[in-house]
Amino acid sequence: MGTSTAQDMSVVYRGAMSRFSTGVTIVTTRTPNGPAGMTASAVASVSLDPLMLLVCVGNTLATRDAISGSGVFAVSVLARGQEHHALRFASRCDDKFAGMGLRADHELPVVEGAVAYFACEVREEVAGGDHTIFIGKVVSCGYEAESDPLVYFAGRFGSLCDPRSHAQLAFDWQLSASI
């Protein structure tokens, strides 16, 4: 292998990681000053017994301190068509929650229309370079079986492709073209 600078390696690393398809989530919590949240793709299942998942939060983000202070967080897995939520929560705008639909049946902010959600109690905070890894015990979760997730790949939003629907569309198109 040739030698490369840390900056070169960082650019290649970011490009390589962008080729890892991932779901898009909004991680939220409540504070005495109101809700806080951010867009995240670094979310993973940790354990089935007990039920645990992890989220990685940048150390410079206000959401990092908010989760650490509250000891709880929710992860809303975004659905196809919720790109606007992902973009809003990835920005540093003042009120990310303005006009946003939140489920009323949860103490934590859970995005209305999300494919799935997980409400967690923080069990551990682990330093991970320029991020903090929050490991949470899942205390509540749910999902919408008929909903399609929003995915992120190579710096763009997309959705899953169901080959059966493509086959049906091709058949329908050929049938209509032959009539």
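What counts, and at which threshold
Numbers given for residues are sequential positions, taken from 1 along each chain in its written order. For this predicted model, a pLDDT threshold of at least 70 governs which residues receive local features, and a threshold of 80 or more governs which side-chain atom pairs are given and counted, while totals over whole chains, interfaces and linings are taken from all residues. The side-chain numbers reported here are obtained from all heavy atoms of the structure, hydrogens and water having been left aside. Should DSSP find at least two bridges between two strands, the strands are regarded as paired. Segments assigned H or I by DSSP are reported as helices when at least four residues long, segments assigned E as strands when at least two residues long, and all are numbered from the N terminus. Just to be clear on terms, a salt bridge is a Lys or Arg side-chain nitrogen sitting within 4 Å of an Asp or Glu carboxyl oxygen. Burial status follows relative accessibility: with a 1.4 Å probe on protein chains alone, a residue under 20% of its type maximum counts as buried, one over 50% as exposed, and anything between as partly exposed.

Engineer: An account of the sheet that holds strand β9 (residues 150-153) is requested, with residue identities and associated values reported.
Structural biologist: Taken together, the 3 strands give an open sheet; going across it, the order is β1-β9-β10, and neighbouring strands pair in antiparallel fashion. A strand with exactly one partner marks an edge of an open sheet, and here the two such strands are β1 (22-23) and β10 (156-159). Note that β1 and β9 share 2 bridges and pair antiparallel. Looking at the pairing, Gly 23 lines up with Val 151 of β9.

Engineer: Can you break down the pattern of salt bridges residue by residue, with the values?
Structural biologist: If you walk through the whole model with that rule in mind, you get 5 salt bridges. Two residues, Arg 64 and Glu 125, come together in a salt bridge whose shortest N-O distance is 3.4 Å. Of this pair, Arg 64 sits in helix α2 (residues 62-70) while Glu 125 sits in strand β7 (residues 116-128), and the two are 61 residues apart along the sequence. The class for Arg 64 is buried, based on a relative accessible area of 16%. Residue classification places Glu 125 among the partly exposed positions, given a relative accessible area of 36%. Taking the shortest distance from any N to any O, the salt bridge between Asp 148 and Arg 80 comes out at 3.2 Å. One end of the pair, Asp 148, is in the loop between β8 (131-143) and β9; the other, Arg 80, is in the loop between β6 (72-77) and α3 (83-90), and 68 residues separate them in sequence. Among the residues examined, Asp 148 registers a relative accessible area of 36% and is labelled partly exposed. The exposure class of Arg 80 is partly exposed, given its relative accessible area of 47%. Taken together, the shared-partner salt bridges in this structure form one network comprising Arg 64, Asp 65 and Glu 125.

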